[in-house]
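# Analysis of the macromolecular model
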Amino acid sequence: SDPLDWEEGDKTILDIVEAAGALPLECSLLTKLPRGRQSLLKELVRRHADLAVSVTSRNKKRVRAVEQEMEIPISRQHDLDELLIPAGLDEDFTSVKPSITDSYGSEITPDGAYLVVPTFTSALYPFGHDKIPVTPETDFFPVKKSGREALLVDYFKPLEGYGLDCGKRHKRRLLDVQAASILLDNGSYALTPPGMRSMKEYLAIFQDKARCQRKTMVPLVIKKLKQQHLAAQSSTASPAEEQETCQRKIQAYLDLCDPEKCLAGKLYAISFFLETVHGYAQTHPDAMEIIVFLLKDEIRNQRGNPVAALDKSSPAALFSDTTLDSFDVFRYMLAHLITGSSQGDRVVSFTRSYPAIYDPIGDWFVHRA
């Protein structure tokens, strides 16, 4: 049910918000404003609660009426006609309409506690997200994000979150749902929800055109990073820590402007993704059966992929060839990896030759020592 509908004796969502406000946590509330709950929403707004209303065709007038009465704008989500359409499967179960998740990160609801991770809408994830139950073994909680901010989190990078010691860190590996998203991201524009960056777009940052464009912006980027990290009282980190962070970010940016280092960054990134998918395929046979079925047309059409004519070349050579689209090569390698072909064995060898890890400060993938 909706948060504003929740009641337990004389307690309402107001009591939960008040209790949460007394804890050393950041939290926010997403609601749809059901009928008869306008007074609750008004009181939450008066208390300056961190909230947003998920606008639907049914509650749009109610939300507008509350705003007009209080003369205060209310933060909205999904207030676009195309986002009012729910995700749904088509007749043959092999494709779905793109969707958008409500939130990202750790979430506590009357039903329980979950880790909510956006994903590409599919037969595996028809609602555009995965809700992972929190158990006694859970030791990582993603940072909470909502709305467009949640979509700006690249689904193919290790998540930022908190450990049991409350320290902030990034996971070293991807979650299962992220591995599935890599497999399901076939590059179709229609598949990608508004605002989410696809794998095809990410791999484009390693192209020569993008690299040369970054090079022209070096002075501006360095100036911005120094202002961000070296200005007085810029953060709670010590001056020495800020200096090191700034230097590492500058160096990573400069490396992405260098032809050889930019290529190395691409190879390590692709190796990381392929290694993730290979591990997922080995441990999730049931899900892989569904994924292979969903990708059956793409797998069948790989013979027409320009890469097929170069099948004897090594993966590293193919990814280094500037005449080839790296995303096409990547999908070709994925198809061989999940179907168990001889090229799949070469893909595994490639990942072992380029052991990779995500560097959250430089925001790219580097050699894993």
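Residues numbered from 1 in each chain as written. Predicted model: local features only at pLDDT ≥ 70, side-chain atom pairs only at ≥ 80, totals over all residues. Heavy atoms only, no water.

### A word on the confidence of the model for the protein chain
- For the protein chain, mean pLDDT is 85; residues scoring 70 or higher make up 89% of the total.
- Confidence scores differ between elements of the protein chain, with helix α4 (residues 148-151) showing the lowest mean pLDDT of 72 and strand β11 (residues 356-359) the highest of 97. (pLDDT = per-residue confidence, 0-100. Helix = DSSP H or I, 4+ residues; strand = E, 2+ residues; numbered from the N terminus.)

### Regarding the pairing of strand β5 (residues 112-118)
- Burial of β5 is extensive: 5 of the 7 residues sit out of reach of the surface.
- Here 5 bridges tie β5 to strand β6 (residues 129-133), and the two strands are oriented antiparallel to one another. The residue bridging V117 from the neighbouring strand is D130, located in β6. (Buried < 20%, exposed > 50% of the residue type's maximum accessible area, 1.4 Å probe, protein only. Pairing = 2+ DSSP bridges.)

### Some points on the environment of V66
- Tracing the backbone through its elements, the reader meets V66 in helix α3 (residues 60-70).
- Each C-alpha atom of the pair V66 and S39 lies 8.9 Å from the other, and the pair is 27 residues apart in sequence.
- With residues near it in sequence (within four places) discarded, V66 still touches L33, Q38, L41, K42 and I74. (Contact = heavy atoms within 4.5 Å.)

### Describing the sheet that holds strand β1 (residues 29-31)
- As summarised here, the arrangement of the 3 strands in space is β1-β2-β3, forming an open sheet in which the pairing is parallel. What marks the edges here is a single partner per strand, and that holds for β1 and β3 (76-77).
- Bridge count between strand β2 (residues 51-54) and β3: 2 bridges; the pairing is parallel. Bridge pairing in β3 links V53 to R76.

### Focus on helix α15 (residues 342-353)
- The end-to-end C-alpha distance of α15, which contains 12 residues, comes to 17 Å, matching closely the 16 Å that a straight helix rising 1.5 Å per residue would cover.
- Among the residues of α15, Q343, G344, V347, V348, F350 and T351 are the ones counted as buried. In a view along the axis of α15, the buried residues occupy a sector of 155°, so they form one face of it. Exposed residues lying more than 90 degrees from the buried face of α15 are S342, D345, R352 and S353.
- Buried residues belonging to α15 abut α10 (259-283), α13 (315-320) and α14 (326-339). (Expected span 1.5 Å × (residues − 1). Arc of directions from axis to C-beta.)

### What about the packing of helix α2 (residues 38-46) against α3?
- Put simply, α2 and α3 touch, their axes get as near as 11 Å, and they point 50° apart. On the basis of the axis angle, α2 is oblique to α3. Taken as a pair, α2 and α3 cross one another with a handedness that is right-handed. In this structure, α2 contributes Q38, L41, K42, V45 and R46 to the contact, and α3 contributes R62, V66, E69 and M70.
- A breakdown of the residues in the contact of α2 with α3 according to their chemical character gives 4 nonpolar, 1 polar and 4 charged. (Axes fitted to C-alpha atoms, helices over the stretch in contact; angles between N-to-C directions. Parallel < 35°, antiparallel > 145°, perpendicular 65-115°, else oblique. Left-handed = near helix turned anticlockwise from the far one by under 90°. Nonpolar A, V, L, I, M, F, W, Y, C, P; charged D, E, K, R; others polar.)

### Side note on the side chain of T31
- Checked against the element boundaries, T31 lands in strand β1.
- Of the polar contacts made by the side chain of T31, one reaches the backbone nitrogen of L33; its length is 3.3 Å.
- Sequence-distant contacts of T31, that is, excluding residues within four places in its chain, are made with D2, P3, L4, A52, V53 and S54. (Polar contact = N/O pair within 3.5 Å; in protein donor to acceptor, adjacent residues only side chain to side chain.)

### Focus on the nonpolar core
- Counting residues in each nonpolar core, the largest one holds 60 residues, and the members touching the most others are I182, M199, Y202, F273, L274, F319 and F330.
- The element best represented in this core is α10, accounting for 10 residues.
- With near-sequence residues (within four places) excluded, L274 lies in contact with F319, F330, M333, L334, L337, V347, F350 and T351. (Core = buried A, V, L, I, M, F, W, Y, C linked by side-chain atoms within 4.5 Å.)

### Things to note about the packing of aromatic side chains
- Summed over the entire model, instances satisfying the criterion amount to 13 aromatic pairs.
- Considering the side-chain rings of Y202 and F273, the 6.1 Å spacing of their centres and the 70° angle between planes classify their relative orientation as edge-to-face. With a gap of 71 residues between them, Y202 in helix α6 (residues 199-203) and F273 in helix α10 connect regions that are remote in the sequence. Note on accessibility: Y202 and F273 belong to one class, buried.
- With a centroid separation of 5.7 Å and 35° between ring planes, the pair formed by F319 and F350 is classed as tilted. In this pair, F319 sits in helix α13 while F350 sits in helix α15, placing the two residues 31 residues apart along the sequence. Here the two residues F319 and F350 agree in accessibility, since each one is buried. (Phe/Tyr/Trp six-rings, centres within 6.5 Å; stacked < 30°, edge-to-face > 60°.)

### What about the pattern of salt bridges?
- Enumeration according to the criterion identifies 20 salt bridges in this entry.
- Note that E43 and R47 form a salt bridge whose closest N and O atoms lie 3.1 Å from each other.
- Judged by relative accessible area, which is 26%, E43 ranks as partly exposed.
- What you see here is one network of salt bridges that share partners, running through E18, E43, R46 and R47. (Salt bridge = Lys/Arg side-chain N within 4 Å of Asp/Glu carboxyl O.)

### Brief notes about the side chain of T119
- Summarising the element assignment, T119 is placed in the loop between β5 and β6.
- On the basis of relative accessible area, T119 is assigned to the buried category, the value being 2%.
- One polar contact links T119 to S181, side chain to side chain, over a distance of 2.5 Å.
- Not counting the four nearest positions on each side in its chain, T119 is found in contact with Y125, G128, H129, D130, V177 and S181.

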